[in-house]
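# Analysis of the macromolecular model
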Amino acid sequence: MTVHFIGAGPGAADLITVRGQELLGRCGVCLYPGSLTPTDLLAHCPPGATLVDTADLTLDDITAELVAAHEAGHDVARLCSGDPAVYSAVAEQMRRLDAAGVPYDVTPGVPAFAAAAAVLGRELTVPTVAQSLVITRAQARSTSMPEGEDLATLGASGATLALHLAVNRIEQVVEELLPGYGADCPVAVVARASQEDEQVLRGTLGDIVAQVREAGITRAAMIFVGKVLAAESFPDSFLYSTDRPRG
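Numbering of residues begins from 1 in every chain and follows the order in which that chain's sequence is written. Totals for whole chains, interfaces and linings use every residue, but because this is a predicted model, local features are given only for residues with pLDDT of at least 70 and side-chain atom pairs only at 80 or more, for both listing and counting. Side-chain calculation: all heavy atoms of the structure are included, whereas hydrogens and water are not.

Looking at an unreviewed UniProt entry, one finds the chain named Precorrin-4 C(11)-methyltransferase, with Prauserella cavernicola as its source organism. UniProt positions are given in the numbering used here, feature names are shortened, and annotations may be inferred rather than shown by experiment. Note on the chain: under the UniProt heading Sequence similarities (unreviewed entry), the record states "Belongs to the precorrin methyltransferase family." Heading Pathway (unreviewed entry) of the UniProt record for the chain holds this comment: "Cofactor biosynthesis; adenosylcobalamin biosynthesis."

Structure follows, in structure tokens:
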């Protein structure tokens, strides 16, 4: 039996991949993050499947559930919000499954930053404006950031930033980025992208704090910072250029 780590996507039930949906439909046990998983998504589970909300479980509790389901002869779906590759805590779960001798695989999902960019109607890599995207977060009560990954250092390049888990510390984000980007740098905040209650704010480093606080956004939001958010005049990509050799 296998544990399937499945990217559940950013929230909308129809943004799970076909592979993820098919796996979900044949697993007798499903562990899911309750506060982030829509009911419609769990409807893909087979009738009679055991559903375990992990919202209030510890890592050891989750591992115990995975191992017990495996030992009982069940394939297990372990849903992760967004994509398992980013801020999903799968690494420590995999480490424990390795120690227990339990096999697993990973099915990618639509990451939150991609869903948020789609809501904004923006490509994040525009010719001559921005070709790099830094995915990071702000330091809070969670695990400390590695040396050299503070926002001021990461922002020194001027690259587009995509910040997870940071909207509650929007003041800190702005304070650390203002020296490098300037108060007029475009910013966008997308909360609960792809869901019915999604919220979108567009502004600058100079005014985004007031907008976020007025909107009451406190969780499940992406913050983008960079010139690409307002790019209008830029050359066409070489990809489809008539100057590019073909054939």
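Working definition: helices are DSSP H or I runs of at least four residues, strands are E runs of at least two. Numbering for both runs from the N terminus. Helix and strand content of the chain: 8 helices and 10 strands. Seen through its C-alpha atoms, the chain measures out along the principal axes to roughly 60 × 55 × 35 Å. Only protein chains enter the calculation, and the probe is 1.4 Å; a residue is then buried if its accessible area is under 20% of its type maximum, exposed if over 50%, and partly exposed in between. Taking all 247 residues of the chain together, 43% fall into the buried category. In this description, contact between two residues means that some pair of their heavy atoms is separated by no more than 4.5 Å. Long-range contacts, defined as pairs at least 24 residues apart, comprise 69% of the intrachain contacts of the chain with a sequence gap of at least 6. Just so you know, the count uses Lys and Arg for positive and Asp and Glu for negative, and it drops His and the chain ends. Lys charges are placed at NZ, Arg charges at CZ, Asp charges at CG and Glu charges at CD. Positive and negative side-chain charges of the chain, numbering 16 and 30 respectively, have mean locations separated by a distance of 3 Å.

Working note: regular strand, side chains alternate between the two faces of the sheet. Judged by how many residues are buried, strand β7 (residues 160–164) sits mostly within the fold: 5 of 5 residues are covered. The two faces of β7 match: Thr160, Ala162 and His164 on one face and Leu161 and Leu163 on the other face are all buried. A pair of strands counts as paired when DSSP detects no fewer than two bridges linking them. Of the pairings in the sheet, the one linking strand β6 (residues 133–137) to β7 comprises 5 bridges and is parallel in character. Paired with Thr136 across the bridge in β7 is Leu163. Pairing geometry for β7 and strand β10 (residues 221–225), over 3 bridges, is antiparallel. By the bridge assignment for β10, Leu161 is matched with Val225.

This paragraph deals with the side chain of Thr54. One can find Thr54 in the loop between β3 (50–53) and α3 (59–71). On the basis of relative accessible area, Thr54 is assigned to the buried category, the value being 7%. Excluding residues that lie within four positions of it along the chain, Thr54 makes contacts with Leu31, Tyr32, Pro33, Ile62 and Arg78.

Our next topic: the packing of aromatic side chains. Aromatic pairs are defined between Phe, Tyr and Trp rings, using the six-membered ring for Trp, whenever the two ring centres lie within 6.5 Å; interplanar angles under 30 degrees are classed as stacked, those over 60 as edge-to-face, and all others as tilted. In the structure shown here, the tally under the stated rule is 1 aromatic pair. Measuring from centroid to centroid gives 5.9 Å for Phe5 and Tyr104, while their planes differ by 80°, and the two rings are edge-to-face. Remark: Tyr104 occurs in strand β5 (residues 104–107) and Phe5 occurs in strand β1 (residues 3–7); sequence separation between them is 99 residues. Overall, Tyr104 belongs to the partly exposed group, its relative accessible area being 27%.

Let us look at the nonpolar core. Ranked by size, the top nonpolar core spans 26 residues in total, and within it Val189, Ile223 and Val225 carry the most contacts. When contributions to this core are tallied by element, the ones reaching two or more residues are α6 (151–155), β7, α7 (170–181), β8 (186–191), α8 (208–215) and β10. A total of 5 residues in this core trace back to one element, the largest contributor, which is α7. Apart from the residues lying within four places of it in its own chain, the contact partners of Ile223 are Leu161, Ala162, Leu163, Ala166, Val167, Ile170, Val187, Ala188 and Val189. Definition of nonpolar core: a set of buried residues of the types Ala, Val, Leu, Ile, Met, Phe, Trp, Tyr and Cys, connected through side-chain atoms within 4.5 Å.

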